[in-house]
Amino acid sequence: MTSPFVRRRRLATELRTLREEKGMTAGRLSQLLHQSRMKVSRLENAHIRPDLAEIMKILDLLGVTGDKWNEVVRIARDAAERGWWDSFGDAMGPRQRLYADLESGASLVQEYNQTAIPGVLQTPEFTWALVELDRHDGPIRYVPERMAQARLQRQRTVFHPDGPHYEVVLDECVMRRLTVCPAVLRAQLRHLVDTVSAEARFTVRLLPIDARITAGLLPRSSFALYTFPDPEDPKMAVVDTATADLVHTDPGEVARFEGHYDRLLQASLSPADSLSSLGKLADRLADEEGAER
């Protein structure tokens, strides 16, 4: 399906542009619609799911006809769609809802992760280990059981034959610094190696701790780049921060993260060497676990 989130942002841009071309203020449009100024603002900033009848009324008020009318209505119809993640509500967490939405329509996902194994490659045991670590940072904003169920659904969706190609640059510091039970981490690493080896659409590149990243500053956080099959849907960079994910669609801002990603790729091991290194780390954890018994 097409990502409703992506289409809501595209619809917002279309509505704002059409209104400005008409020379009409948002306040005046809200009066003609008999809606609040806040309602129009939220539509033009992609903060709400559109009502199709309301969108058609806006187009009529702006004098939009013909092919343009059909195009905007089609975008609005996609923007109003609901995905499987909507049945989970906020119980799965706002971040994961965003990822699920974007993955549903992406043709390519390119991710740099410096904090954890990507969710679509996690074992249930590793997911629960992260939940326990998350509790130490204060109240959590999701229901762990529902979040874990949603993560499994994300994995089924991404691994479906129609799912996106998925590239990951995984920072070695995740395996070295994340306080997860060695047995859980070992099983997670073996799962990652086996899964990626069996799926041609997935690639993992390991960024060694001693890697030198040249020709630019270091990335300040984890991020992901999303490419969509429709060239009219802009490429997005989603940046992980301590409290929320920041979505960038401005071409200049996205290009900055594309540059980061390209430099990270150059500093990373090859796909084959990456899987080999991750497998050796899993073996080493098994040996250490055996020596402690």
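Look a little higher up for the structure.
Residues numbered from 1 in each chain as written. Predicted model: local features only at pLDDT ≥ 70, side-chain atom pairs only at ≥ 80, totals over all residues. Heavy atoms only, no water.

### What about the pairing of strand E4 (residues 223-227)?
Within a regular beta strand, the side chains point alternately toward one face of the sheet and then the other, so they alternate between its two faces.
Okay, step 1: Judged by how many residues are buried, E4 sits mostly within the fold: 4 of 5 residues are covered.
Okay, step 2: Looking at chain direction, strand E1 (residues 108-113) and E4 are connected through 5 bridges and run antiparallel. Looking across to E4, one finds that glutamate 111 is bridged to alanine 224. (Buried < 20%, exposed > 50% of the residue type's maximum accessible area, 1.4 Å probe, protein only. Helix = DSSP H or I, 4+ residues; strand = E, 2+ residues; numbered from the N terminus. Pairing = 2+ DSSP bridges.)

### A look at helix H4 (residues 52-61)
An α-helix turns once every 3.6 residues. As a result, residues three or four positions apart point the same way.
Okay, step 1: Taken residue by residue, H4 has Glu54, Ile55, Ile58 and Leu59 as its buried positions. Buried residues along H4 cover an arc of 140° about the axis, so they all sit on one side. In H4, those exposed residues whose orientation departs by more than 90 degrees from the buried face are Ala53 and Asp60.
Okay, step 2: Check the buried side of H4 and you find it contacts helix H1 (4-22), helix H2 (26-33), helix H3 (37-44) and helix H5 (66-79).
Okay, step 3: The N-cap residue of H4 is aspartate 51: its side-chain oxygen and the backbone nitrogen of alanine 53 are 3.2 Å apart.
Okay, step 4: Phi turns positive, to about 75°, at glycine 63, one or two residues after H4. (Arc of directions from axis to C-beta. Contact = heavy atoms within 4.5 Å. Polar contact = N/O pair within 3.5 Å; in protein donor to acceptor, adjacent residues only side chain to side chain.)

### Quick notes on the packing of H2 against H3
Okay, step 1: The N-to-C vectors of H2 and H3 enclose an angle of 115°; their axes lie 8 Å apart at closest approach. The orientation of H2 relative to H3 falls into the category roughly perpendicular. Crossing hand, H2 versus H3: right-handed. Touching Ala26, Gly27, Leu29, Ser30 and Leu33 of H2 are Arg37, Val40 and Glu44, all from H3.
Okay, step 2: Residue classes in the contact of H2 with H3 are distributed as 4 nonpolar, 2 polar and 2 charged. (Axes fitted to C-alpha atoms, helices over the stretch in contact; angles between N-to-C directions. Parallel < 35°, antiparallel > 145°, perpendicular 65-115°, else oblique. Left-handed = near helix turned anticlockwise from the far one by under 90°. Nonpolar A, V, L, I, M, F, W, Y, C, P; charged D, E, K, R; others polar.)

### Digging into the sheet that holds strand E3 (residues 202-207)
Okay, step 1: The 6 strands lie next to each other as E3-E2-E1-E4-E5-E6, forming an open sheet whose pairing is mixed. Lying at the two open borders of the sheet, with one neighbouring strand each, are E3 and strand E6 (245-248). Between one strand axis and the next, the sheet turns by 15° as a mean value, whatever way the strands run.
Okay, step 2: Helix-sheet contacts for helix H6 (residues 94-105) involve strand E2 (165-171), E4, strand E5 (236-240) and E6, and the interaxial angle to E5 is about 160°.

### Structural notes on the nonpolar core
Okay, step 1: Membership of the largest hydrophobic core comes to 40 residues, with the highest contact counts inside it found for Leu102, Met175, Leu192 and Tyr226.
Okay, step 2: Ranked by residues supplied to this core, first place goes to helix H10 (residues 182-198) with 6 residues.
Okay, step 3: What methionine 175 contacts, discounting residues up to four positions off in sequence, is Ile117, Leu170, Leu185, Leu189, Leu206, Leu278 and Leu281.
Okay, step 4: Counting 20 residues, the second largest nonpolar core, distinct from the first, contains Val40, Ile58, Val64 and Ala76. (Core = buried A, V, L, I, M, F, W, Y, C linked by side-chain atoms within 4.5 Å.)

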